[in-house]
Amino acid sequence: MEDIQVNVSQEGVTIPRARKKISDKWIPYLVMAPGLLITIGVLYPFVLAIYDSLTDLSFNSPTVAFVGLQNYVDMFRSPSFFHSIYVTVAYAVITTALELIVGVAMALILHRMTWTAHLFQSLFILPLMVSTAIATLLWRLMTNPTYGIYTRFLDIFGIHHFPWANSPRTALLTVVLVDAWVYIPFVILIVLAGLKSLPPAPFEAARIDGGSFWFTFRRLTLPLLRPILIIVTLFRLMDGLQQFTIIYAMTAGGPGDALMNIPNLAYEHGFLYLTFGPSLAYLVLLWVLVFIVSRLLVAYWNRIRMQEAEGE
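Residues numbered from 1 in each chain as written. Predicted model: local features only at pLDDT ≥ 70, side-chain atom pairs only at ≥ 80, totals over all residues. Heavy atoms only, no water.

With that out of the way, let us pick up the pattern of salt bridges. Using the criterion set out here, one finds four salt bridges in the structure. We note a salt bridge from R236 to E99, for which the minimum N-O separation is 2.7 Å. Remark: E99 occurs in helix α4 (residues 79-112) and R236 occurs in helix α10 (residues 213-241); sequence separation between them is 137 residues. Residue R236 is classed as buried on the basis of its relative accessible area of 4%. Notably, a salt bridge pairs D179 with R236, separated by 3.2 Å at the nearest N-O pair. Here D179, found in helix α8 (residues 171-196), pairs with R236, found in helix α10; they are 57 residues apart in sequence, far enough to count as distant. (Salt bridge = Lys/Arg side-chain N within 4 Å of Asp/Glu carboxyl O. Helix = DSSP H or I, 4+ residues; strand = E, 2+ residues; numbered from the N terminus. Buried < 20%, exposed > 50% of the residue type's maximum accessible area, 1.4 Å probe, protein only.)

As a further point, take the nonpolar core. Grouped together as the largest cluster of nonpolar side chains are 18 residues, with contacts concentrated most on Y72, M75 and Y282. Breaking this core down by element, the ones donating at least two residues are α3 (70-77), α4, α10, α12 (262-272) and α13 (276-311). Judged by nonpolar contacts, the second largest core, of 17 residues, contains V187, V191, L198 and L225. (Core = buried A, V, L, I, M, F, W, Y, C linked by side-chain atoms within 4.5 Å.)

With that out of the way, let us pick up the packing of helix α6 (residues 132-142) against α8. For any two helices packed against each other, the geometry is given by the interaxial angle and the distance between the axes. Relative orientation of the contacting elements α6 and α8 amounts to 135°, with a least axis distance of 10 Å. Classified by the interaxial angle, the pair formed by α6 and α8 is oblique. Here α6 runs over α8; the crossing is right-handed. Residues T132, A135, T136 and W139 of α6 form the contact with α8, whose own contacting residues are L177, V178, W181, V182 and Y183. (Axes fitted to C-alpha atoms, helices over the stretch in contact; angles between N-to-C directions. Parallel < 35°, antiparallel > 145°, perpendicular 65-115°, else oblique. Left-handed = near helix turned anticlockwise from the far one by under 90°. Contact = heavy atoms within 4.5 Å.)

Here helix α9 (residues 200-208) crosses α10 at 180°, and the two axes come no closer than 11 Å. In terms of their interaxial angle, α9 and α10 are classed as roughly antiparallel. Here α9 contributes P202, F203 and A206 to the contact with α10, which in turn contributes T216, L220, T221 and L224. Its residues assigned to classes, the contact of α9 with α10 shows five nonpolar, two polar and no charged. (Nonpolar A, V, L, I, M, F, W, Y, C, P; charged D, E, K, R; others polar.)

Moving on, we get to unusual backbone geometry. Geometrically, the link from G254 to P255 is a cis peptide bond, its omega value of -5° lying close to zero. As for its placement among the helices and strands, P255 is situated in the loop between α11 (245-250) and α12. With a phi close to 55°, A252 is a non-glycine residue in the positive phi region. The backbone phi angle of L274 is positive, close to 60°, even though this residue is not glycine. Secondary-structure assignment places L274 in the loop between α12 and α13. L274 sits in the partly exposed class, given a relative accessible area of 27%.

Attention shifts here to the environment of P202. Structurally, the position occupied by P202 is in helix α9. Along the sequence, P202 and T221 sit 19 residues apart, while their C-alpha atoms lie 9.6 Å from each other.

Turning our attention to the packing of aromatic side chains. Going through the model one piece at a time under the given rule, you end up with 20 aromatic pairs. An aromatic cluster is defined as three or more aromatic residues linked by ring pairs; in this entry it consists of F59, F244, Y248, Y267, F271 and F276. One cation-aromatic arrangement involves R236 over Y183; the distance from NZ or CZ to the ring centre is 3.9 Å. (Phe/Tyr/Trp six-rings, centres within 6.5 Å; stacked < 30°, edge-to-face > 60°. Lys NZ or Arg CZ within 6 Å of the ring centre and 35° of its normal.)

Following this line, the structure appears as structure tokens:
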């Protein structure tokens, strides 16, 4: 039987020790409870989606039957599947590369500015304040082949009736420009924060030794920024692989199936054909693709951090 220590004071008899010991038993469980609830909230829909991808779940049929891997077999047999893989990967790689190049360049320019930097930072952050869907619809109006402001601008240079998103040849270029306009400010802000956190001593030494801008950038700035650039690449690649809003709002996967990536193909199966089993099979495959890419980048980032720690 647990000993209960009685404290006698001027106010009376109290038994604080026993009550404290009883409550301490529940503290670890109370601390773990929110994390456990979040884990259940994330894992349950995910596991349910994997199970439903193995069924013929559809609003066209009142019954649901387990079909095993049939949805995945049909997916790999579909001609549109490999095209959707190509569009998904090409879109993610092109947008990420463009946003990194332009974002890093603009961050370097802003980092070298003085009082005007705050003004330009305020201007560059404006696209982040606009909803992606609204920004895409604005771009759809501005790139209209007939009356769009960008079409009129190209008319000045003799390029008339540029098709923009209305042609399979230029649709990918158009959505890449929209994605870049929306997310380059994100890259600028992250890289600019990284530049401001770099140690000034190596750059002062390079300046005294007469090092050029290109030499300083290649030998100092880029290696020191590499962990931050990997994180930015990770975020942009993951978002690019899963991009649905911009492509759907601009072209709905068209013209034809020119921009039918995996998210849009899953949407088509689930909400147009009402076949949720095959739709979830596409989404599970997309998760696997994103997981592999993210794990490779995280492993590379960890290797860099270990090399930096060994160098210190």
